[in-house]
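Architecture and fold: a report
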Amino acid sequence: MLVRIPVKQLRIGMYIHEFCGSWYDHPFWRKAFKLDNPEDLRNVLSTGIKEVWIDTDKGLDVEGGKTEETVAAEIDDTLARADASRHVAPQLDIAREAARAVSICNQSKQAVSSMFKEARMGQALNASDALPVVEEITSSVMRNPGALISLARLKNKDDYTYMHSVAVCALMVSLARQLGLNNEQIHEAGLAGLMHDIGKTLSPPDILNKPGKLTDAEFKVMKNHPVDGNKILLGSNGITSDVALFVCLHHHEKVDGSGYPDGLTNEQISLYAKMGAVCDVYDAITSNRPYKNGWEPAESIRKMAEWSHGHFDQRIFEAFVRSIGIYPIGSMVKLSSERLGVVIGQTEQSLLTPVVKVFFSIKSNARIPPEIVDLSKPFCKDRIVSHEDPAEWDIRDIQELWSDVSAAPW
Ligand SMILES: [Fe+2]
Ligand SMILES: [Fe+2]
(Lines give C-alpha, C1' and ligand atoms only; values in the text may rest on other atoms or scores of the structure.)
(Ligands and ions follow the chains in the order given, each with its own letter.)
Protein backbone atom coordinates (compact mmCIF):
# COMPACT_ATOMS: atom_id res chain seq x y z
CA MET A 1 0.00 0.00 0.00
CA LEU A 2 1.16 3.54 -0.73
CA VAL A 3 1.13 6.03 2.15
CA ARG A 4 2.41 9.57 2.38
CA ILE A 5 4.52 10.41 5.41
CA PRO A 6 6.49 13.42 6.64
CA VAL A 7 10.11 13.08 5.59
CA LYS A 8 11.26 13.12 9.22
CA GLN A 9 9.52 9.77 9.76
CA LEU A 10 11.67 8.11 7.09
CA ARG A 11 13.73 5.19 8.36
CA ILE A 12 16.23 2.79 6.86
CA GLY A 13 14.23 -0.17 5.53
CA MET A 14 11.40 1.90 4.09
CA TYR A 15 10.69 1.80 0.38
CA ILE A 16 10.49 5.28 -1.19
CA HIS A 17 7.91 5.27 -3.96
CA GLU A 18 7.97 8.97 -4.84
CA PHE A 19 9.08 12.33 -3.47
CA CYS A 20 6.43 14.99 -2.93
CA GLY A 21 8.09 17.75 -4.82
CA SER A 22 9.20 18.49 -8.30
CA TRP A 23 11.90 16.12 -9.48
CA TYR A 24 13.90 18.93 -10.99
CA ASP A 25 14.29 20.32 -7.51
CA HIS A 26 16.57 17.65 -6.16
CA PRO A 27 19.66 16.14 -7.74
CA PHE A 28 19.41 12.53 -6.60
CA TRP A 29 15.99 12.04 -8.13
CA ARG A 30 15.54 8.49 -9.30
CA LYS A 31 12.85 5.97 -9.61
CA ALA A 32 11.43 4.26 -6.54
CA PHE A 33 14.06 2.65 -4.30
CA LYS A 34 14.55 0.89 -0.97
CA LEU A 35 16.18 3.16 1.58
CA ASP A 36 19.04 1.04 2.88
CA ASN A 37 21.87 3.53 3.01
CA PRO A 38 22.26 6.16 5.78
CA GLU A 39 23.85 8.53 3.28
CA ASP A 40 20.73 8.45 1.06
CA LEU A 41 18.61 9.14 4.13
CA ARG A 42 20.79 12.17 5.01
CA ASN A 43 20.55 13.36 1.40
CA VAL A 44 16.77 13.15 1.39
CA LEU A 45 16.57 15.03 4.69
CA SER A 46 18.84 17.78 3.38
CA THR A 47 16.78 18.59 0.26
CA GLY A 48 13.98 20.53 1.88
CA ILE A 49 11.44 17.98 0.65
CA LYS A 50 8.80 17.71 3.33
CA GLU A 51 6.92 14.52 2.47
CA VAL A 52 7.40 11.26 0.61
CA TRP A 53 5.26 8.39 -0.57
CA ILE A 54 6.37 5.01 0.77
CA ASP A 55 5.25 1.56 -0.38
CA THR A 56 4.51 -0.48 2.74
CA ASP A 57 4.33 -3.75 0.77
CA LYS A 58 7.98 -3.38 -0.16
CA GLY A 59 9.43 -1.91 3.02
CA LEU A 60 8.77 -0.85 6.60
CA ASP A 61 5.57 0.93 7.58
CA VAL A 62 4.94 3.69 10.13
CA GLU A 63 1.81 4.88 11.87
CA GLY A 64 -0.03 8.03 10.83
CA GLY A 65 0.69 8.02 7.09
CA LYS A 66 -1.94 9.34 4.70
CA THR A 67 -3.51 6.94 2.22
CA GLU A 68 -3.96 7.67 -1.47
CA GLU A 69 -7.70 8.18 -0.92
CA THR A 70 -7.11 10.80 1.81
CA VAL A 71 -4.57 12.67 -0.31
CA ALA A 72 -6.83 12.54 -3.39
CA ALA A 73 -9.65 14.06 -1.34
CA GLU A 74 -7.32 16.84 -0.14
CA ILE A 75 -6.26 17.57 -3.72
CA ASP A 76 -9.91 17.68 -4.82
CA ASP A 77 -10.60 20.19 -2.02
CA THR A 78 -7.73 22.45 -3.09
CA LEU A 79 -8.83 22.34 -6.73
CA ALA A 80 -12.47 22.94 -5.78
CA ARG A 81 -11.39 26.11 -3.95
CA ALA A 82 -9.62 27.23 -7.12
CA ASP A 83 -12.78 26.50 -9.09
CA ALA A 84 -15.02 28.58 -6.81
CA SER A 85 -15.88 32.21 -7.62
CA ARG A 86 -13.98 32.14 -10.82
CA HIS A 87 -13.79 34.31 -13.81
CA VAL A 88 -12.60 32.74 -17.02
CA ALA A 89 -12.24 34.77 -20.15
CA PRO A 90 -13.93 33.09 -23.12
CA GLN A 91 -11.48 31.03 -25.13
CA LEU A 92 -12.61 31.21 -28.69
CA ASP A 93 -11.22 30.10 -31.98
CA ILE A 94 -8.48 27.86 -30.70
CA ALA A 95 -7.71 26.50 -34.18
CA ARG A 96 -6.82 29.91 -35.56
CA GLU A 97 -4.82 30.85 -32.47
CA ALA A 98 -2.99 27.50 -32.52
CA ALA A 99 -1.83 28.24 -36.07
CA ARG A 100 -0.64 31.72 -35.07
CA ALA A 101 0.94 30.40 -31.89
CA VAL A 102 3.19 28.06 -33.88
CA SER A 103 4.85 30.99 -35.62
CA ILE A 104 4.93 33.12 -32.44
CA CYS A 105 6.67 30.22 -30.65
CA ASN A 106 9.26 29.93 -33.41
CA GLN A 107 10.00 33.65 -33.61
CA SER A 108 10.15 33.99 -29.82
CA LYS A 109 12.47 31.03 -29.52
CA GLN A 110 14.87 32.61 -32.04
CA ALA A 111 14.78 35.97 -30.26
CA VAL A 112 15.37 34.41 -26.83
CA SER A 113 18.16 32.26 -28.21
CA SER A 114 20.03 35.29 -29.62
CA MET A 115 19.51 37.27 -26.40
CA PHE A 116 20.90 34.37 -24.37
CA LYS A 117 23.87 34.06 -26.75
CA GLU A 118 24.70 37.74 -26.32
CA ALA A 119 24.53 37.42 -22.55
CA ARG A 120 26.78 34.35 -22.73
CA MET A 121 29.36 36.39 -24.62
CA GLY A 122 29.31 38.97 -21.86
CA GLN A 123 27.49 41.64 -23.85
CA ALA A 124 25.12 43.93 -21.96
CA LEU A 125 21.57 42.80 -22.55
CA ASN A 126 19.10 45.16 -24.22
CA ALA A 127 15.70 44.62 -22.71
CA SER A 128 14.21 46.46 -25.68
CA ASP A 129 15.13 43.41 -27.82
CA ALA A 130 12.69 41.40 -25.73
CA LEU A 131 9.79 43.83 -25.97
CA PRO A 132 8.38 42.73 -29.36
CA VAL A 133 8.53 39.10 -28.17
CA VAL A 134 6.64 39.90 -24.97
CA GLU A 135 4.09 41.91 -27.00
CA GLU A 136 3.43 39.03 -29.39
CA ILE A 137 3.15 36.47 -26.61
CA THR A 138 0.86 38.75 -24.59
CA SER A 139 -1.49 39.34 -27.52
CA SER A 140 -1.71 35.62 -28.25
CA VAL A 141 -2.43 34.79 -24.59
CA MET A 142 -5.06 37.56 -24.46
CA ARG A 143 -6.80 36.11 -27.52
CA ASN A 144 -6.61 32.53 -26.26
CA PRO A 145 -4.32 31.53 -23.38
CA GLY A 146 -4.50 27.79 -24.05
CA ALA A 147 -3.00 27.77 -27.53
CA LEU A 148 0.48 29.20 -26.97
CA ILE A 149 0.78 27.70 -23.48
CA SER A 150 0.00 24.20 -24.74
CA LEU A 151 2.35 24.52 -27.71
CA ALA A 152 5.25 25.95 -25.71
CA ARG A 153 5.11 22.87 -23.49
CA LEU A 154 6.45 20.80 -26.38
CA LYS A 155 10.21 21.05 -26.47
CA ASN A 156 13.16 19.17 -27.81
CA LYS A 157 16.43 18.78 -26.00
CA ASP A 158 18.18 21.51 -28.00
CA ASP A 159 15.67 24.27 -27.46
CA TYR A 160 14.61 23.43 -23.91
CA THR A 161 15.93 26.56 -22.17
CA TYR A 162 14.59 28.95 -24.81
CA MET A 163 11.16 27.35 -25.10
CA HIS A 164 10.96 27.17 -21.30
CA SER A 165 11.48 30.96 -21.23
CA VAL A 166 8.72 31.44 -23.82
CA ALA A 167 6.38 29.12 -21.91
CA VAL A 168 6.98 30.82 -18.55
CA CYS A 169 6.42 34.21 -20.21
CA ALA A 170 3.04 33.03 -21.56
CA LEU A 171 2.05 31.46 -18.23
CA MET A 172 3.00 34.65 -16.36
CA VAL A 173 0.86 36.77 -18.70
CA SER A 174 -2.10 34.45 -18.26
CA LEU A 175 -1.71 34.35 -14.47
CA ALA A 176 -1.24 38.14 -14.22
CA ARG A 177 -4.47 38.63 -16.13
CA GLN A 178 -6.28 36.16 -13.89
CA LEU A 179 -5.02 38.06 -10.83
CA GLY A 180 -6.54 41.25 -12.24
CA LEU A 181 -3.25 43.09 -12.80
CA ASN A 182 -3.28 46.03 -15.20
CA ASN A 183 -1.77 45.99 -18.69
CA GLU A 184 1.55 47.43 -17.63
CA GLN A 185 1.88 44.89 -14.82
CA ILE A 186 0.89 42.06 -17.17
CA HIS A 187 3.64 43.18 -19.52
CA GLU A 188 6.19 43.34 -16.65
CA ALA A 189 5.18 39.85 -15.56
CA GLY A 190 5.65 38.53 -19.11
CA LEU A 191 9.07 40.14 -19.49
CA ALA A 192 10.12 38.71 -16.12
CA GLY A 193 8.98 35.23 -17.22
CA LEU A 194 10.99 35.49 -20.41
CA MET A 195 14.13 36.53 -18.48
CA HIS A 196 13.78 34.41 -15.33
CA ASP A 197 16.47 31.85 -16.27
CA ILE A 198 18.84 34.24 -18.08
CA GLY A 199 21.43 33.38 -15.40
CA LYS A 200 21.71 29.92 -16.95
CA THR A 201 23.77 31.54 -19.72
CA LEU A 202 26.59 31.61 -17.17
CA SER A 203 26.14 27.94 -16.17
CA PRO A 204 28.77 25.58 -17.61
CA PRO A 205 27.24 24.13 -20.83
CA ASP A 206 28.23 20.57 -19.95
CA ILE A 207 26.12 20.81 -16.79
CA LEU A 208 23.28 22.81 -18.35
CA ASN A 209 22.94 20.36 -21.24
CA LYS A 210 23.82 17.18 -19.37
CA PRO A 211 21.60 14.42 -20.71
CA GLY A 212 21.30 12.70 -17.33
CA LYS A 213 20.42 13.78 -13.82
CA LEU A 214 22.85 16.09 -12.06
CA THR A 215 25.23 15.12 -9.27
CA ASP A 216 25.09 16.99 -5.97
CA ALA A 217 28.04 19.15 -6.99
CA GLU A 218 26.57 19.95 -10.41
CA PHE A 219 23.23 20.79 -8.85
CA LYS A 220 24.97 23.20 -6.52
CA VAL A 221 26.53 24.97 -9.51
CA MET A 222 23.12 25.25 -11.23
CA LYS A 223 21.73 26.85 -8.11
CA ASN A 224 23.82 29.93 -8.91
CA HIS A 225 21.60 30.87 -11.85
CA PRO A 226 19.16 33.14 -9.93
CA VAL A 227 22.00 35.29 -8.56
CA ASP A 228 23.82 35.26 -11.92
CA GLY A 229 20.62 36.26 -13.72
CA ASN A 230 20.00 39.09 -11.33
CA LYS A 231 23.52 40.40 -12.01
CA ILE A 232 23.02 40.17 -15.78
CA LEU A 233 19.78 42.15 -15.52
CA LEU A 234 21.36 44.75 -13.25
CA GLY A 235 24.01 45.31 -15.93
CA SER A 236 21.51 45.44 -18.78
CA ASN A 237 19.87 48.35 -20.56
CA GLY A 238 16.17 49.01 -20.46
CA ILE A 239 15.01 47.06 -17.40
CA THR A 240 12.94 49.83 -15.88
CA SER A 241 11.32 48.12 -12.91
CA ASP A 242 12.27 45.63 -10.21
CA VAL A 243 9.82 42.99 -11.39
CA ALA A 244 12.20 41.04 -13.63
CA LEU A 245 15.02 41.43 -11.08
CA PHE A 246 12.90 39.92 -8.31
CA VAL A 247 11.55 37.10 -10.45
CA CYS A 248 15.03 36.24 -11.65
CA LEU A 249 16.47 36.18 -8.14
CA HIS A 250 13.58 34.57 -6.25
CA HIS A 251 11.72 32.16 -8.55
CA HIS A 252 13.19 29.18 -6.65
CA GLU A 253 12.16 30.45 -3.23
CA LYS A 254 9.37 28.59 -1.41
CA VAL A 255 6.90 30.09 1.03
CA ASP A 256 8.05 27.77 3.85
CA GLY A 257 11.61 29.09 3.55
CA SER A 258 13.12 25.92 2.06
CA GLY A 259 13.94 27.43 -1.33
CA TYR A 260 17.06 29.16 -2.65
CA PRO A 261 19.13 31.35 -2.91
CA ASP A 262 17.98 33.28 0.18
CA GLY A 263 15.59 30.91 1.97
CA LEU A 264 12.95 33.65 2.06
CA THR A 265 9.55 32.99 3.63
CA ASN A 266 6.08 33.91 2.43
CA GLU A 267 5.89 37.61 3.27
CA GLN A 268 9.49 38.22 2.15
CA ILE A 269 8.84 36.98 -1.41
CA SER A 270 7.37 39.46 -3.88
CA LEU A 271 4.08 38.78 -5.66
CA TYR A 272 5.80 38.43 -9.02
CA ALA A 273 8.44 36.03 -7.72
CA LYS A 274 5.67 33.86 -6.23
CA MET A 275 3.94 33.90 -9.61
CA GLY A 276 7.24 32.96 -11.25
CA ALA A 277 7.67 30.01 -8.90
CA VAL A 278 4.31 28.48 -9.86
CA CYS A 279 4.71 29.06 -13.61
CA ASP A 280 8.29 27.77 -13.60
CA VAL A 281 7.43 24.51 -11.83
CA TYR A 282 4.40 23.85 -14.05
CA ASP A 283 6.39 24.23 -17.24
CA ALA A 284 9.37 22.26 -15.91
CA ILE A 285 7.35 19.24 -14.80
CA THR A 286 5.17 19.12 -17.93
CA SER A 287 8.18 19.21 -20.29
CA ASN A 288 10.10 16.20 -21.52
CA ARG A 289 13.74 16.11 -20.51
CA PRO A 290 16.37 13.70 -21.82
CA TYR A 291 16.28 11.80 -18.51
CA LYS A 292 12.58 11.98 -17.76
CA ASN A 293 9.31 12.41 -19.61
CA GLY A 294 7.19 15.30 -18.42
CA TRP A 295 3.91 14.66 -16.65
CA GLU A 296 0.63 15.27 -18.44
CA PRO A 297 -0.86 18.76 -17.77
CA ALA A 298 -3.82 17.55 -15.67
CA GLU A 299 -1.60 15.23 -13.66
CA SER A 300 0.84 18.09 -13.08
CA ILE A 301 -1.93 20.32 -11.73
CA ARG A 302 -2.86 17.60 -9.22
CA LYS A 303 0.78 17.06 -8.20
CA MET A 304 1.23 20.78 -7.67
CA ALA A 305 -1.98 20.91 -5.62
CA GLU A 306 -0.56 18.10 -3.50
CA TRP A 307 2.67 19.95 -2.73
CA SER A 308 1.29 23.45 -2.92
CA HIS A 309 1.16 23.99 0.85
CA GLY A 310 4.61 25.15 1.83
CA HIS A 311 5.85 25.50 -1.71
CA PHE A 312 3.50 28.05 -3.29
CA ASP A 313 1.39 30.95 -2.15
CA GLN A 314 -2.09 29.37 -2.04
CA ARG A 315 -3.92 32.36 -3.48
CA ILE A 316 -1.54 32.50 -6.41
CA PHE A 317 -1.62 28.76 -6.99
CA GLU A 318 -5.43 28.85 -7.07
CA ALA A 319 -5.40 31.75 -9.53
CA PHE A 320 -2.96 29.76 -11.66
CA VAL A 321 -5.34 26.80 -11.72
CA ARG A 322 -8.15 29.14 -12.73
CA SER A 323 -5.98 30.57 -15.49
CA ILE A 324 -5.13 27.29 -17.21
CA GLY A 325 -7.75 24.87 -15.88
CA ILE A 326 -7.87 21.69 -13.82
CA TYR A 327 -7.80 19.97 -17.21
CA PRO A 328 -5.62 22.31 -19.29
CA ILE A 329 -6.01 22.40 -23.08
CA GLY A 330 -4.44 19.31 -24.59
CA SER A 331 -5.31 17.07 -21.61
CA MET A 332 -6.66 13.68 -22.59
CA VAL A 333 -9.66 12.63 -20.50
CA LYS A 334 -11.88 9.59 -20.06
CA LEU A 335 -15.61 10.36 -20.01
CA SER A 336 -18.41 8.52 -18.22
CA SER A 337 -19.72 7.57 -21.69
CA GLU A 338 -16.66 5.30 -22.03
CA ARG A 339 -15.05 7.58 -24.58
CA LEU A 340 -11.72 9.37 -24.73
CA GLY A 341 -11.43 13.01 -25.64
CA VAL A 342 -8.99 15.91 -25.58
CA VAL A 343 -9.74 19.21 -23.83
CA ILE A 344 -9.97 22.07 -26.32
CA GLY A 345 -11.36 24.89 -24.18
CA GLN A 346 -12.46 25.98 -20.72
CA THR A 347 -16.04 27.04 -19.95
CA GLU A 348 -17.37 29.72 -17.64
CA GLN A 349 -19.35 27.30 -15.48
CA SER A 350 -16.67 25.11 -13.93
CA LEU A 351 -13.10 23.97 -14.43
CA LEU A 352 -14.48 20.43 -14.17
CA THR A 353 -16.66 20.84 -17.28
CA PRO A 354 -14.43 21.97 -20.15
CA VAL A 355 -15.15 21.58 -23.87
CA VAL A 356 -13.83 18.21 -25.05
CA LYS A 357 -13.22 16.81 -28.50
CA VAL A 358 -14.22 13.14 -28.28
CA PHE A 359 -12.40 10.80 -30.68
CA PHE A 360 -12.18 7.27 -29.27
CA SER A 361 -14.64 4.64 -28.08
CA ILE A 362 -13.32 2.50 -25.24
CA LYS A 363 -16.11 -0.07 -25.67
CA SER A 364 -15.24 -0.74 -29.30
CA ASN A 365 -11.55 0.05 -28.79
CA ALA A 366 -11.56 2.16 -31.94
CA ARG A 367 -11.42 5.71 -33.22
CA ILE A 368 -14.76 7.39 -33.80
CA PRO A 369 -15.58 10.49 -35.86
CA PRO A 370 -14.55 13.49 -33.73
CA GLU A 371 -17.36 15.17 -31.84
CA ILE A 372 -17.21 18.39 -29.81
CA VAL A 373 -18.87 18.03 -26.40
CA ASP A 374 -19.42 21.01 -24.09
CA LEU A 375 -19.60 19.33 -20.68
CA SER A 376 -20.98 22.50 -19.08
CA LYS A 377 -24.25 22.43 -21.04
CA PRO A 378 -27.23 21.49 -18.84
CA PHE A 379 -28.39 18.82 -21.30
CA CYS A 380 -24.96 17.17 -21.36
CA LYS A 381 -24.99 14.05 -19.20
CA ASP A 382 -21.38 13.13 -19.86
CA ARG A 383 -18.66 13.96 -17.34
CA ILE A 384 -14.93 13.50 -16.83
CA VAL A 385 -14.02 10.32 -14.95
CA SER A 386 -10.24 10.72 -15.04
CA HIS A 387 -7.36 12.24 -16.92
CA GLU A 388 -5.41 9.77 -19.03
CA ASP A 389 -1.90 9.45 -20.42
CA PRO A 390 -2.07 9.34 -24.26
CA ALA A 391 1.07 7.15 -24.32
CA GLU A 392 -0.71 4.44 -22.34
CA TRP A 393 -3.49 4.36 -24.94
CA ASP A 394 -1.01 4.57 -27.80
CA ILE A 395 -2.58 7.85 -28.96
CA ARG A 396 0.13 9.72 -30.85
CA ASP A 397 -1.75 12.58 -32.47
CA ILE A 398 -3.13 14.30 -29.36
CA GLN A 399 -1.45 17.52 -30.47
CA GLU A 400 -3.19 17.52 -33.85
CA LEU A 401 -6.48 16.60 -32.20
CA TRP A 402 -6.65 19.65 -29.95
CA SER A 403 -5.14 22.17 -32.31
CA ASP A 404 -7.42 21.40 -35.26
CA VAL A 405 -10.93 22.12 -34.09
CA SER A 406 -12.48 23.22 -37.35
CA ALA A 407 -15.64 21.33 -36.39
CA ALA A 408 -16.05 23.51 -33.27
CA PRO A 409 -19.46 25.14 -32.96
CA TRP A 410 -18.13 28.68 -32.43
FE1 LIG B 1 15.33 28.76 -12.58
FE1 LIG C 1 12.96 28.10 -15.00
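What counts and what doesn't
- Residues numbered from 1 in each chain as written.
- Chains lettered and ligands numbered in written order.
- Predicted model: local features only at pLDDT ≥ 70, side-chain atom pairs only at ≥ 80, totals over all residues.
- Heavy atoms only, no water.
- Salt bridge = Lys/Arg side-chain N within 4 Å of Asp/Glu carboxyl O.
- Buried < 20%, exposed > 50% of the residue type's maximum accessible area, 1.4 Å probe, protein only.
- Helix = DSSP H or I, 4+ residues; strand = E, 2+ residues; numbered from the N terminus.
- Domains from an automatic or database assignment.
- Polar contact = N/O pair within 3.5 Å; in protein donor to acceptor, adjacent residues only side chain to side chain.
- Nonpolar A, V, L, I, M, F, W, Y, C, P; charged D, E, K, R; others polar.
- Donors = N, O, S within 2.8 Å, 3.2 Å for Na, K, Ca; no water.
- Tetrahedral: all angles 85-135°; square planar, octahedral: opposite > 155°, others 65-115°.

Some points on the pattern of salt bridges
Tallied over the entire structure, the rule returns 21 salt bridges. Two residues, Lys210 and Glu218, come together in a salt bridge whose shortest N-O distance is 2.7 Å. By relative accessible area, which is 19% here, Glu218 ends up buried. Among the salt bridges present, the one from Asp382 reaches Arg339, with a minimum N-O distance of 3.0 Å. Taken together, the positions of Asp382 in the loop between strand 9 (366-374) and strand 10 (384-388) and Arg339 in strand 7 (residues 339-345) put the pair 43 residues apart, joining distant regions of the chain. Just as Asp382 is buried, Arg339 falls in that class too. Several salt bridges share partner residues, and in doing so they unite Arg4, Glu51, Lys66, Glu74 and Glu306 into one network.

What to know about the domain arrangement of the chain
Its domain assignment divides the chain into domain 1 (2-64), domain 2 (94-324) and domain 3 (332-403). Once you take the C-alpha centre of each, domain 2 and domain 3 turn out to be 29 Å apart. There are 0 salt bridges connecting domain 2 and domain 3. The interface formed by domain 2 and domain 3 includes 1 residue pair in polar contact (both at pLDDT 80 or more). Among the secondary structure elements, those contributing two or more residues to the side of domain 2 that touches domain 3 are helix 3 (94-120), helix 5 (145-152), helix 13 (297-311) and helix 14 (314-324). The element that contributes the greatest number of residues to the side of domain 2 that touches domain 3 is helix 5, accounting for 4 residues. Residues of the side of domain 2 that touches domain 3, tallied by class, amount to 9 nonpolar, 2 polar and 4 charged.

Observations regarding the coordination of the iron ion (ligand 1)
Around the iron ion (ligand 1), the protein supplies Asp197 (OD), His225 (NE2), His251 (NE2) and His252 (NE2) as donor atoms, at distances of 2.1 to 2.3 Å. Around the iron ion (ligand 1), the 4 donor atoms are arranged such that angles at the metal cover 85 to 175°; this shape is classified as irregular. Within one chain, the residues serving as donors to the iron ion (ligand 1) are arranged as D-x27-H-x25-H-H. Between the iron ion (ligand 1) and the iron ion (ligand 2) the interatomic distance comes to 3.4 Å, and Asp197 is a ligand of both metals.

Side note on the coordination of the iron ion (ligand 2)
At this site the iron ion (ligand 2) is bound by His164 (NE2), His196 (NE2), Asp197 (OD) and Asp280 (OD), with donor distances of 2.1 to 2.3 Å. Seen from the iron ion (ligand 2), its 4 donor atoms lie at angles of 79 to 174°, and the figure they make is irregular.

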